[in-house]
Amino acid sequence: MTPPPPAPYALPLAGITVVSLEQAVAAPFATRQLADLGARVIKVERPGGGDFARRYDTTVHGESSYFVWLNRSKESVTLDVKTEAGRAVLEQLLGRADVFVQNLAPGAAERLGCGPKALAERFPRLITAGLSGYGTSGPWADRKAYDLLVQCQTGLVSLTGNEHGTARAGVSVADIAAGMYLHSGILTALFTRATTGVARAVEVSLFEALAEWMHQPAYYTRYGGTQPPRVGTRHATIAPYGAFTAADGKEVLFSVQNEREWTALCERFLERPELAGDPRFATGADRVAHRDALDALIAERFAGLDGAEAGRLLDEAGVAHAGVNDMEGFLAHPVLDARARWRDVPIPGGALVPALLPPADLSGFTPRMAAVPAAGEHTDAVLAELGHGPDAIAALRADGVV
């Protein structure tokens, strides 16, 4: 792959230092986005193994697919923060940081003296950002959480799947949602500090992040009297919407979003213009009520077309559609190649793996796409920067602090 051109200007978060006691997915996703924008992210990991996400799998040249995705462009320092010497080093790091991020077990940050109130007293310009399962107050404050539990608690799992049963979302949506909100909250806090001089604490819970995404089905249930049904690739409140199989076995998914598209679908794709005036299909609600009859008509039309021809006719009708890709199809997607979205990133051991550029393009800036660190790779360099000499570093290592 062609290396990215050099950025003509400093990255937006250059000069910002983030110290993170992070693990798993949500917090590392937030801090990786800060690193993409130029922040220096010092990831504090456990001695003897580091972030347990490093061992989720070994598919990427021996490294975890999760860890490679979430931890490029960071520095890794191993530090046992449960020891007095380890906490002293952490204190030094926080004294030089702009942002402290943690997603420790409930109450652990407070036991370490790193809760937001305690840190605000010692470091008034430090922005603290905490991520929890169900919030730091309320009846579930002490309850641990992970992605699928939160998918269940928010009701998402009751909406995914089909008439045969429920299913989890295929990616860690609760973690991703929480990481995105934590990232935007930190950016807001940095802006607030820059404009008012006040450092605000940021708190995000996995449950409340995914709960935000559940508003539409929640409103539908509250005011409609029943929750949206599980409909697979179909849509609970829009029809036609879903995947249909063409004569050559290709699956094509499409959706009609308005009356203009419905009329065009009848005239140009189905070649049955009279259906546009059929009272069974007159409105969106009517089409949902008679979905089975409508889907049967559409399936009959697909049975006489191959996938490419079906796509051409849908294009002519102005109806959005997509082939149903598997992961190989996604990896070879022509849009990603044509828009040069892939960049090579080194991982521990020296192999290069392709990574996608961040979705938000800022004109004049090229995101940082630097290496994924080995556990503790930067420990000695960071300790030396903090003023620890070789003998002191050797002593910390001998005592298992780093």
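The coordinates are above.
Residues numbered from 1 in each chain as written. Predicted model: local features only at pLDDT ≥ 70, side-chain atom pairs only at ≥ 80, totals over all residues. Heavy atoms only, no water.

Draft legend 1. Representation of the packing of aromatic side chains in the model. All told, the structure shown has 14 aromatic pairs when counted by the stated rule. Residues Y134 and F207 carry aromatic rings whose centres are separated by 5.6 Å and whose planes lie at 45 degrees to one another, so their mutual orientation is tilted. With Y134 in the loop between β5 (127-132) and α6 (147-153) and F207 in helix α8 (residues 206-213), this residue pair connects regions lying 73 residues apart in the sequence. The partly exposed category is assigned to F207, whose relative accessible area is 28%. Through a chain of ring-to-ring contacts, three or more aromatic side chains come together here, namely F29, F52, Y56, Y66 and W69. One Lys or Arg, R143, reaches over the ring of W140 and ends 3.7 Å from the middle of that ring. The lysine or arginine in question, R301, covers the ring of F269, its NZ or CZ lying 5.9 Å from the ring centre. (Phe/Tyr/Trp six-rings, centres within 6.5 Å; stacked < 30°, edge-to-face > 60°. Helix = DSSP H or I, 4+ residues; strand = E, 2+ residues; numbered from the N terminus. Buried < 20%, exposed > 50% of the residue type's maximum accessible area, 1.4 Å probe, protein only. Lys NZ or Arg CZ within 6 Å of the ring centre and 35° of its normal.)

Draft legend 2. Seen up close, a positive patch on the surface. There is a patch of like positive charges on the surface, built from R46, R55, K82 and R111. Its place among the elements puts K82 in the loop between β3 (74-78) and α3 (84-95). Residue class for K82 comes out exposed when judged on its relative accessible area of 71%. (Patch = residues over 30% accessible without salt bridge, like charges linked within 9 Å, V, L, I, M, F, W, Y side chains within 5 Å. Areas by Shrake-Rupley, 256 points an atom, 1.4 Å probe, with all protein chains shown as cover. Salt bridge = Lys/Arg side-chain N within 4 Å of Asp/Glu carboxyl O. Lys, Arg positive; Asp, Glu negative; His and termini not counted. Charge placed at Lys NZ, Arg CZ, Asp CG, Glu CD.)

Draft legend 3. Up close: the side chain of Q33. Relative to the helices and strands, Q33 is located in helix α1 (residues 26-36). Q33 sits in the buried class, given a relative accessible area of 11%. The residues touching Q33, leaving out its near neighbours within four places in the chain, are G179, M180 and H183. (Contact = heavy atoms within 4.5 Å.)

Draft legend 4. Focus on the packing of helix α7 (residues 173-196) against α8. Between α7 and α8, the least distance of the axes is 8 Å, while the angle of their chain directions is 95 degrees. On the basis of the axis angle, α7 is roughly perpendicular to α8. Contacts between α7 and α8 involve V173, A174, D175, A177, A178 and Y181 on the former and, on the latter, L206, A209, L210, E212 and W213. By residue class, the composition of the contact of α7 with α8 is 9 nonpolar, no polar and 2 charged. (Axes fitted to C-alpha atoms, helices over the stretch in contact; angles between N-to-C directions. Parallel < 35°, antiparallel > 145°, perpendicular 65-115°, else oblique. Nonpolar A, V, L, I, M, F, W, Y, C, P; charged D, E, K, R; others polar.)

Draft legend 5. Highlighting the sheet that holds strand β9 (residues 241-245). With respect to topology, 3 strands assemble into an open sheet ordered β9-β10-β11, the strand pairing being antiparallel. Looking at the sheet topology across the chains shown, the edges are occupied by β9 and β11 (321-323). For this sheet the average axis-to-axis angle between neighbouring strands, irrespective of direction, equals 25 degrees. (Pairing = 2+ DSSP bridges.)

Draft legend 6. How the structure looks around helix α10 (residues 259-269). Burial in α10 covers these residues: E261, W262, A264, L265, C266 and F269. As for α10, its buried residues are in contact with β10 (251-255), α11 (284-289), α12 (291-302) and α13 (307-317). The residue sitting at the N-terminus of α10 and contributing the capping side-chain oxygen is N258; that oxygen lies 3.2 Å from the backbone nitrogen of R260. Note on α10: the residue one or two positions beyond its end, E271, has a positive phi of about 55 degrees. (Polar contact = N/O pair within 3.5 Å; in protein donor to acceptor, adjacent residues only side chain to side chain.)

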